[in-house]
Amino acid sequence: LCLRRQPPLPPTKGTVMHITVVGGGNSTPIFAALAKDAGHEVAILTRRPADWNKDDIGFVNEDLDYFPQAELRVGIDLVTDDPALCIPQTDLIFIAGLPIHHNPTVLARIRPHLDMQKKVFIGSICAYGGFNWVAAEALGPGNYSLFGTQLIPWCCGTLEYGRTGLVIGAKRLLRIATEDGRDSDGVKPILAKILKMPFLTDTDFIASTLWPNNPSLHPPILYGLFKDWDGKSPYDPDKVPTLIYKDLRTGSAVTLVEMDTDLCAIVAGLRGALPQNGHLVDNDFSMKACVMQNYEEQITCAWDTVSCIMSNKAFAKHRIPYTAIEGGVVPTLAHKFFETDLPFGLCTMKDIANMVGVAVPCIDKMILWNQKLIGKEYLTASGKIDGKHASECVLPSAFGLDAKTLEFGNRSRTANGAEKKQKT
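Trainee: Which residues make up the state of the cysteines, and what values go with them?
Mentor: Each disulfide consists of one covalent bond between the sulfur atoms belonging to two cysteines. Under the criterion given, the structure shown has zero disulfides. Not engaged in a disulfide, the cysteine C86 finds its nearest cysteine sulfur in C126; these two sulfurs lie 20 Å apart. A residue is classified by how much of its surface remains accessible, and C86, at 2% relative accessible area, is buried. Lacking any disulfide linkage, C347 is separated from the closest cysteine sulfur, that of C393, by 3.8 Å. The class of C347 is buried, set by a relative accessible area of 0%.

Trainee: If you had to explain helix 2 (residues 103-110) to someone new, which residues and values would you point to?
Mentor: Of all the positions in helix 2, only N103, V106, L107 and I110 are classed as buried. Taken end-on, helix 2 shows its buried residues confined to a sector of 95°, consistent with a single buried face. On its buried face, helix 2 sits against strand 2 (18-22), strand 3 (41-45), strand 7 (92-95), strand 8 (121-124) and helix 3 (131-139).

Trainee: Talk me through empty space enclosed by the protein; I want residue IDs and the actual numbers.
Mentor: The gaps left among the atoms become clear once a water-sized probe is rolled over them. In the structure shown here, the tally under the stated rule is one cavity of 30 Å³ or more. What the largest cavity holds in volume is close to 30 Å³. Lining the largest cavity, in full, are I100, N103, C126, Y128, G129, F131, V134 and F344. Taken together, the residues of the lining of the largest cavity break down into six nonpolar, two polar and no charged.

Trainee: Quick one: what's the story with the pattern of salt bridges, residue by residue and with numbers?
Mentor: Taken as a whole and assessed by the stated rule, the structure comprises 19 salt bridges. Note that D56 and R73 form a salt bridge whose closest N and O atoms lie 2.7 Å from each other. With a gap of 17 residues between them, D56 in the loop between strand 3 and strand 4 (57-61) and R73 in strand 5 (residues 71-74) connect regions that are remote in the sequence. Here D56 falls in the buried class, since its relative accessible area comes to 13%. D202 serves as the salt-bridge partner of K188, at 3.0 Å between the closest nitrogen and oxygen. Separated by 14 residues along the polypeptide, K188 in helix 4 (residues 187-195) and D202 in strand 13 (residues 201-203) bring together distant segments of the chain. A cluster of three or more residues bridged by salt bridges with shared partners is formed by D56, E71, R73, E160 and R163.

Trainee: Could you give me a rundown of the packing of aromatic side chains, with the residues and numbers involved?
Mentor: Two aromatic rings are characterised by how far apart their centres lie and by the angle between their planes. Tallying each qualifying case throughout the model produces 15 aromatic pairs. Between Y66 and F67, the ring centres sit 6.2 Å apart and the planes meet at 55°, which makes this aromatic pair tilted. For the residue pair Y66 and F67, the accessibility class agrees, reading buried in each case. Summarising the aromatic geometry, the rings of F226 and Y322 are spaced 6.3 Å apart at their centres and angled 85° between planes, so their arrangement reads as edge-to-face. Note that F226 is positioned in helix 6 (residues 214-226) and Y322 in strand 14 (residues 322-325), a separation of 96 residues in sequence. Three or more aromatic residues joined by ring pairs form one cluster here, namely F226, W229, Y235 and Y322. Here R48 stacks its cationic end above the ring of Y161, 4.0 Å away from the centre of that ring.

Trainee: Give a description of the sheet that holds strand 6 (residues 78-80) that names residues and reports values.
Mentor: The pairing of strands in a sheet happens through backbone hydrogen bonds and is either parallel or antiparallel. Spatially, eight strands are ordered 6-3-2-7-8-9-12-13 in an open sheet, and the strand pairing comes out mixed. The open sheet is flanked by strand 6 and strand 13, the only strands paired with a single partner. Ignoring strand direction, the axes of neighbouring strands in this sheet form an average angle of 25°. Note that strand 12 (residues 175-178) and strand 13 share three bridges and pair parallel. Looking at strand 13, one finds that I176 is bridged to D202. Along the sheet face, helix 1 (residues 28-37) touches strand 2, strand 3 and strand 7 and points at about 165° away from the line of strand 3. Helix 4 contacts strand 2, strand 7, strand 8, strand 9 (145-149), strand 12 and strand 13 of the sheet and is inclined by roughly 145° relative to strand 12.

Definitions and limits used
- Residues numbered from 1 in each chain as written.
- Predicted model: local features only at pLDDT ≥ 70, side-chain atom pairs only at ≥ 80, totals over all residues.
- Heavy atoms only, no water.
- Disulfide = S-S within 2.5 Å.
- Buried < 20%, exposed > 50% of the residue type's maximum accessible area, 1.4 Å probe, protein only.
- Helix = DSSP H or I, 4+ residues; strand = E, 2+ residues; numbered from the N terminus.
- Arc of directions from axis to C-beta.
- Contact = heavy atoms within 4.5 Å.
- 1 Å grid on protein atoms, 1.4 Å probe; cavity = no way out; pocket = protein on both sides within 12 Å on 5 of 7 lines; lining within 4 Å.
- Points joined across faces, edges and corners; volume = space filled by probe spheres on them.
- Nonpolar A, V, L, I, M, F, W, Y, C, P; charged D, E, K, R; others polar.
- Salt bridge = Lys/Arg side-chain N within 4 Å of Asp/Glu carboxyl O.
- Phe/Tyr/Trp six-rings, centres within 6.5 Å; stacked < 30°, edge-to-face > 60°.
- Lys NZ or Arg CZ within 6 Å of the ring centre and 35° of its normal.
- Pairing = 2+ DSSP bridges.
- Axes fitted to C-alpha atoms, helices over the stretch in contact; angles between N-to-C directions.

Dropping the structure here:
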């Protein structure tokens, strides 16, 4: 059943926001359609506006327990590649459907069109990778309020670019990262209505950076499969897995468990530096616990970390990208799995591990393997991310931060005029 959205009743004065969705990937049509359905004015800022039809955007929904319509279609207000047409009037900017290594460039393009005296919510669908550090560096001083979803709200895909997204499975618990970890500026109720998720709860950016996410999942799975690959020789397409989670192999399972150990060790070390941070101290950062929190009813085997991932229905359709060459296929290296999860994920974690004096042997070996495949030098024999391409990474140390200043970053210790209180 396809339900075309009817024009909503005029909302109460003051509740309509101008929302700009930045990007063009899987989550863009989903969030844009939901924002319009919530009664807001919606623009999409994308480098390919000609491929979009603003009068027909939506998504197919396979998770009817999340949202009881099989499809939602709307007309939005603007699709453009010119930030001058949408940013000056916007109240909320949401970077969605955009690999996070593009964030610095995108934020720099937005900056000249922002009214820095106006309270504008600026957020990312990927709060990991130090989004608050990156955004503050790119935007400079201003009255904006940074936020992010700790995890993407849904496992999703694209059925038709510029028109139709696909919701495979939605989160049953979703944390919203804000600069003080308490949502003092009130973005959470706005997002709850848009996302149709009344259960949103609080977190901060440092907890989100270390929460199991893409860089905790993709690299260990791919390392387990391709750690001995020379970067050139083709594979028989019938002998390599196509589904990254559902077709998990033994080597990947072993590396996932090792990655889980490294990540929990970093969190334990950081708890010592930030004992007042309840988001770090009070939560279980183990991969199994995190996956179960978000997808429990969609998991058919909760025996251990690996079975939770393999049997998660929301993960079931995600594929490993391959490129066909003479003699077979090779992993596609020009992809976020190799180009984003390393400098905006593993290298960030390694830098934090060094700050708290924690050894992370699994992260080390994955960085060395991945950087060789893509022709980069991040991690060196010094044990630090100080190679010739280190400036491409999100490193808290490069922002002048240390273990005790990670949680707030380089924005003022006062949040939008109000003294930041320690989280409890």
